[in-house]
Amino acid sequence: SSGGGPRPNPDSPARYGASVTYSHDPVRPSELAPVAADVRYEYDMMRACASALVGIYGSGPDAGALRNVLVESLNLHARSLVHFFTTTLPSVRKDDLVAQHYSPDWDPEHDGGVDLAYLQSALVQSVHKRVAHITAYRLRVPKDDDALPVAASLWALGRLKERFLASLSDDQRRWFDL
């Protein structure tokens, strides 16, 4: 052996410049304003996917694959927003930001109402079972049985967004710029 200490694992993410160390420290107040832009990003990307879907139905040989990419992306962005509106403190992972970080009185059941209940029942299971994990659910449950209509998803999340923004101070609303 040529010495010099232990040899790096060739399969380590660090080999590719990736950092494998992350501390899940609690959210700091100074992080609230910058991370509000991520909430806006999720909402904007969900709407962009929906807009793009309108133009691809039945056009071109890759329309089916492109439609799946857009639907899956839309659903993942929507699922991130559902998590944001649904999860409460202190049950959230320490470094996840949720609506209650911005509006301590936000109550998912009361403020989320039927819109959040609908999204949780119609969207979350499908995203987990059909997109985020490879499961037998994909075979057992036809896509049409758990397909959340795009318009209904946008409508429900738009209503949630309006109620959430109404619960914020003027300064906080500007952070979201929605």
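This text follows the structure it describes.
Predicted, not measured: the structure shown is a model, and the values here were computed from it.

Looking at the nonpolar core
Then comes step 1: Judged by nonpolar contacts, the single largest core of 33 residues is most densely connected at Phe84, Phe85, Tyr102, Leu157, Phe164 and Phe176.
Then comes step 2: Of all the secondary structure elements, the ones that give two or more residues to this core are α1 (32–54), α2 (63–86), α3 (99–102), α4 (108–132) and α7 (150–166).
Then comes step 3: If you tally residues by element for this core, the top one is α1, at 8 residues.
Then comes step 4: The contacts of phenylalanine 84, once residues within four sequence positions are left out, are Val39, Leu97, Val98, Ala99, Tyr102, Phe164 and Phe176.

Here's the deal with α4
Then comes step 1: The terminal C-alpha atoms of α4, which comprises 25 residues, lie only 24 Å apart, well short of the 36 Å expected from a rise of 1.5 Å per residue.
Then comes step 2: At valine 114, α4 is bent by approximately 75°, the largest bend along its length.
Then comes step 3: Taken together, the buried positions of α4 are occupied by Pro108, Asp111, Gly112, Asp115, Leu116, Leu119, Leu123, Val124, Ser126, Val127 and Arg130.
Then comes step 4: Measuring from the backbone nitrogen of glutamate 109 back to the side-chain oxygen at the start of α4 gives 3.0 Å, which picks out aspartate 107 as the cap.

What to know about the packing of α2 against α4
Axes are the key here: two packed helices are described by the angle between their axes and the distance separating the axes.
Then comes step 1: Orientation of α2 relative to α4, taken along the N-to-C sense of each, is 140°, at an axis distance of 9 Å. By the angle class used here, α2 and α4 are oblique. Here α2 runs over α4; the crossing is left-handed. Contacts between α2 and α4 pair Glu72, Asn75, Leu76, Ala78, Arg79, Val82, Phe85 and Thr86 from the former with Pro108, Leu116, Leu119, Gln120, Leu123, Val124, Val127, His128 and Val131 from the latter.
Then comes step 2: Partitioned by chemical class, the residues of the contact of α2 with α4 number 11 nonpolar, 4 polar and 2 charged.

Rules and cut-offs
- Residues numbered from 1 in each chain as written.
- Predicted model: local features only at pLDDT ≥ 70, side-chain atom pairs only at ≥ 80, totals over all residues.
- Heavy atoms only, no water.
- Core = buried A, V, L, I, M, F, W, Y, C linked by side-chain atoms within 4.5 Å.
- Buried < 20%, exposed > 50% of the residue type's maximum accessible area, 1.4 Å probe, protein only.
- Helix = DSSP H or I, 4+ residues; strand = E, 2+ residues; numbered from the N terminus.
- Contact = heavy atoms within 4.5 Å.
- Expected span 1.5 Å × (residues − 1).
- Bend = angle between axes of the 7 residues up to and from the residue.
- Polar contact = N/O pair within 3.5 Å; in protein donor to acceptor, adjacent residues only side chain to side chain.
- Axes fitted to C-alpha atoms, helices over the stretch in contact; angles between N-to-C directions.
- Parallel < 35°, antiparallel > 145°, perpendicular 65-115°, else oblique.
- Left-handed = near helix turned anticlockwise from the far one by under 90°.
- Nonpolar A, V, L, I, M, F, W, Y, C, P; charged D, E, K, R; others polar.

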